[in-house]
Structures are given as C-alpha cells and as structure tokens.
Amino acid sequence: MSNYLIAVGVKSKIDKIRSSLMSNESINRKYSSEVAEQDLSNGYKILIVSRGAESETDFKNKVFFRGYAIFNETERKVIFSGNSSSSSVVDKRSLSFKSVEGCYVSCAWNQESNKVEISNDLFSLCPLFRTVASDVALFSDSIYVLRESRRILSMPITVDVTSVTARTWANAMAGQMLSSNTMIDQIKMVPVGSTMRVELGKRLVAHLQSGNLPEIFGADAGPSYEQSLREYTVEYVSLLSSLASLGPARVNMAVSGGLDSRVNIASVTLSQELKSQAKITCQNSAPQHQKDFEVVAELAEIHKLPLNRQIPDAATRKIERVENPLGLWYLSSSGLYDFMVLPDRIVTEHPTFNIGGHGAELAKGQYGWRSMSQIHRTIKNKNVADAFYAETEVAMLEMGIDFDDPIASEWHYLGHRNALHSGRFVTTSMIGVRPFMNRKLVGLARSESWKGTVRSGKSLGVIHDIISLISPQMASHRYDDDRKNISSPEVDARLSTLGGRIHPDEIYKFEIEGSADEVVNGYSFVLAELARKRGHMLHKDRETLSELTRTGFEIAQTHGLGDVCQPILEEANSKLADLSLPLQFARSSIGKLLSYHLLD
C-alpha cells in the first residue's frame, strides 16, 4: 500500500537505504518530513518512512503509530495518530505488541532491552509484510517497496514458484495471497493476529509471534449467542454515534436496499448524533438499481431520516489528485492483490469516516462454510490444485486451523481475502471504518455452540438478528431482493429470544484521543520515487496495460511459468479488448501479469 517503511538494522545498511530513497534532490528538499530516524544501541539504527512520519513518530517515547485504533475490551476508547494524542503513549506502545481493531501500524523500540516490536490492526486492513536478514529487518504494507529495498541492499530476489502457480487459479479466492508466502521467496506477510519482535544483539534476530485465531477471536468461549450479539450490536451503534459526534458530515453512510447497509441506516434511529450529523446517501437511481433507491427512500420517509441531505462541513476538505493511478497500483497492490482498483484522489484534510457493509461476510460466510479440502477438489488443473493445497495448508497451520475443519475456508477468508480486499481503502485513507470487523462478532460466527443459529441455511441469519435488535420495523421492511425479506411475526419471534430491542439509553460514548484531522492520509512521495525510478509511474490507458501484461507474461516464461500463465494472458487480452468493461470489473488476470514485473 506504500503507506510506510520501517527499517531496523546495522547503521550502514539503514544509511544506504536512506541515501538511495533521498538521492533525488527535489524529493530530499520537498519531502524530508516523511523520513524519521534514530540511532539505537550496539550500532543499530531505525528508519521510518511515511507521509506523516514527522507527527507519527515520537522519539522521546520511542514509538511510531499511524492510523487509528479501537480499544473495546476493557475500555472504550478510539485513538488517532498525530501530535494531539501524545498523551496516549502507553496505549500506543501497547499496540506494538498486540492487535486491536481499527486500521494502523505501530512500532515501539526499547534501547535498554534492545528490542523492537511491530504490529498492525487485528484484521490487517493495514497490511504488514516483512523481509529479514542477519543484519537488517524491513517492514512495509507494500511488497513493491520491500522488493526495491532488497535491490538497494543487493540482497537476492528469487521467485516462489508454488505461490505464483497457486494464484493462477482464476477464482477470486486466489485474487490475493493464499498464505503468508508471496511470489518472492524472501518476502512474507505477517499473518492476521500475529506481531513481530526484532532483537538487536550480536546478530539481528526477528521473531514472528504467531497467533492461534480460534483463541484470539474467542471462538470456543464466551457468553450466550443472545448476550454476545446484543453486546456487539450496542458497540456497533455506539462507535458510529461517537464518530458522528466529532462534527457535521464526518460520518458518511452509503446505503442501499440490501441487507448489510440496513444495519447502518437502522443505527440512525438509536442515535441523535447520527440523525443530526451523519450524511446518509443513496445514489442508486439508475434503472438497474431503481428498487435499491425506492427501498431506501421508503425507509427514510417512514423513519424521518435525512436522505441525501447536504450538510455544511465544519471545515473544507482538501482533495489531492493522483496523477498516475497505475503507478500507485504498483506501489500498493502488486503481488498482494490482483484486481485493478485504481483510486485517483486522496482527501488530505478533514477526511470522512466512510461506512459501508464491508466485512459482513465474516459473519454471513463467504465460501459456503466449507473445509479447504472441499474447495481444493474443485480445481481442475492438477499443477494448480497441488500448489493451492501446498499454499493453503501453510495458511491453515499459521492460523491454527485444521485443513479439514468443516469451516476452514471461512477462517482462510478472515486471514486473507477479507484483509487484502476490504483494506484497499488504506491507499488513500487511514480512517476507513469497518464495524462488522469485530472480534466478538467473528468469534460468535465461528463458535461451534452457535453454528445452528448463525450459519443456518435459512434467510433469517445473524444480520437479520442485528437489524431486529436495532429496529424491528426496519428488519421487516422489504429489501432489494425478495429472498431477504422476513415478516414482522418472524422478527417478533427472534426478539423474544434475543431479549427485546435495544433502547437508546444503552448506547454509550467512546472516549476520543487525538483528532481524525491529524491522521495523515495518502502514500509516501519518498516511497513513490521507487516506482518512478523503475518506470512504473504510468497512466492506466489500455495500450499501456496491454504492453505490461505482455511483458509480464514474458517474465513468467523466464521462470518456467509460461504454460500455467497462458490462460491468464488470454483472459487479460480479452478483458482489455472489451472497451465496455471498466477495469475494476476485469477480474484478476491483468493484475496478476502486471505483478510479475516484481520478478524482473
């Protein structure tokens, strides 16, 4: 994602990276504030690069924190990065060795113990990748940045043939990484729920502190389904209400007639802050989405909600245009996410919390609550199937899940597609809010005790239960698809089991530390220079993409991958030739071929 680079190692190696990154005099002059560095004990040094490095790095307390974190286990607090949250040093340092919800990366160092701790948010919306040697350890959300950093240090770069082969499968499941392995042998992802520790002794040693996901998410413990769901739902509404209280139009809800966003619009009925401050929008008025708009308009009229209201902002937003979206894609997505998501603007001042239904699949299920063996058997190409098995077996071991666990595929979704697909917003914003990505809800949906309730094949599932708890009337109102509809008697029956609807006086306030306005959004210009030097800061026209896919295939051929990649090239050529098809809907073949330039 090119949000950051954390480099720890012997001083000569770190200085070499810094010197290369700042070799352009213009970059050095204009963006020196993006680089922070400090000498450590035993001849080691730490280097931090991010657009907001100056305000995100506290050298006095030896901590770097970028993004925002939600503390919701023993306290109710949201912390934003920036100078005004400096009073939260203890909390910020704690984030470097544990993961909580939100979207962030955190690093803390201790010169007495000669240890550096690095962590990211619980759901890895801001990813954490690593590459390590005996004298240097590098961390970033960008495989591209780590690849280029290895080049600067003349470190070897070799292809992981199994990883590349597995991801030639055309299914969306293989549209991002299938395990912690990347297409480059020496670069790995830090799995969801895991953290890193670097010990700086005679040799540098990096330890992966692996997490067992069923234990982290409490899938085999906790109170009843009814109690857990109620606690989660109250927390959901309370978080949105607390964010809305920060000012007019800070919370922006894009709603539809579907199931997931109904939770958001229903939440407005429980919170005066949401009703008066949130911006609720539905622009689905095109003929193919007419029912979407009609359903939302009906809900707004019945519940007197301000749909598509223009709210004067408390401050003027500043928009930065991205000149080379394809170059930003190389920096942010190549090697880890194959779909052509090409953002062209960044809100650099007074950003909003954009709330949607992302993450609801963690509770509803994305892959049909199947074992990995069941999915493996559907892959027809034996070479691809064998590689898929090898990669996903690694992933299951990393997460503490048996390959043949009946719901292993949903654990895989949590650890890979959810993280890398749902976290695409971090390229342009570090304050994306995903309320469905919640430890309580995920644990509940994967708990053996509640699977009959949560994972039934009936239409009345966990999302219906959440909506019923918030607004029974909205739960029984029609949806965009008649198959989602439930009757008032069904809602009443569920509420009698769930303990009745939630009342406004159950909603509480999260303490806010810092300011969302101080969170520095956007990629680092210093790191973007890496792509410019390599000739990848390009425009997204189809002629350029056709040439890049062709040369990407040629690179795959040099690594003996021509046969397995041939179908990808054919599909990519077909998608690029279809001028009526927007690039973001072109599946994953184009991005896969572009990513092979990492192996050049």
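Residues numbered from 1 in each chain as written. Predicted model: local features only at pLDDT ≥ 70, side-chain atom pairs only at ≥ 80, totals over all residues. Heavy atoms only, no water.

(A) Inspection of the sheet that holds strand 18 (residues 353-355) at higher detail. With parallel pairing, the three strands of this open sheet are ordered in space as 15-14-18. Across the chains shown, the open sheet's two edge strands, defined by having one partner strand only, are strand 15 (279-281) and strand 18. Within the sheet, the average angular offset between the axes of one strand and its neighbour, ignoring direction, is 20 degrees. Here three bridges tie strand 14 (residues 251-254) to strand 18, and the two strands are oriented parallel to one another. Residue Val251 lies in a different strand from strand 18, and its bridge partner there is Phe353. (Pairing = 2+ DSSP bridges. Helix = DSSP H or I, 4+ residues; strand = E, 2+ residues; numbered from the N terminus. Axes fitted to C-alpha atoms, helices over the stretch in contact; angles between N-to-C directions.)

(B) Main features of the pattern of salt bridges. One pass over the full model with this rule turns up 33 salt bridges. With its nearest N and O atoms 3.9 Å apart, the salt bridge here joins Asp344 to Arg321. Here the residue Asp344 occupies a position in the loop between helix 12 (325-333) and strand 17 (345-349), and Arg321 occupies one in strand 16 (residues 318-321), the gap between them amounting to 23 residues. Classification of Asp344 by relative accessible area gives partly exposed; the value is 26%. The network of salt bridges with shared partners includes Lys11, Asp15, Arg18, Glu37 and Lys45. (Salt bridge = Lys/Arg side-chain N within 4 Å of Asp/Glu carboxyl O. Buried < 20%, exposed > 50% of the residue type's maximum accessible area, 1.4 Å probe, protein only.)

(C) Layout of the confidence of the model for the chain. Within the chain, residue pLDDT values average 91, and 95% of them lie at 70 or more. Contacts for the low-pLDDT stretch residues 454-459, under 50 throughout, to residues beyond four places or in other chains number 15 contacts. (pLDDT = per-residue confidence, 0-100. Contact = heavy atoms within 4.5 Å.)

(D) Region of interest: the packing of helix 8 (residues 225-244) against helix 22 (residues 488-498). At a minimum axis distance of 9 Å, the contact between helix 8 and helix 22 shows a crossing angle of 100 degrees. Relative to helix 22, the element helix 8 is oriented roughly perpendicular. Every residue of helix 22 that contacts helix 8 at Tyr225, Glu226, Leu229 and Arg230 is listed here: Arg494, Thr497 and Leu498. Taken together, the residues that form the contact of helix 8 with helix 22 break down as three nonpolar, one polar and three charged. (Parallel < 35°, antiparallel > 145°, perpendicular 65-115°, else oblique. Nonpolar A, V, L, I, M, F, W, Y, C, P; charged D, E, K, R; others polar.)

(E) Main features of the side chain of Arg51. With respect to the helices, strands and loops of the structure, Arg51 is situated in the loop between strand 3 (44-50) and helix 3 (53-56). Within the structure, Arg51 has its side chain in polar contact with the side chain of Glu320 (distance 3.0 Å). There is a polar contact of 2.9 Å between the side chain of Arg51 and the backbone oxygen of Tyr523. Beyond its immediate sequence surroundings of up to four residues, Arg51 is in contact with Asn3, Glu34, Arg66, Glu320, Ile346, Thr348, Val520, Asn521, Gly522, Tyr523, Ser524 and Phe525. (Polar contact = N/O pair within 3.5 Å; in protein donor to acceptor, adjacent residues only side chain to side chain.)

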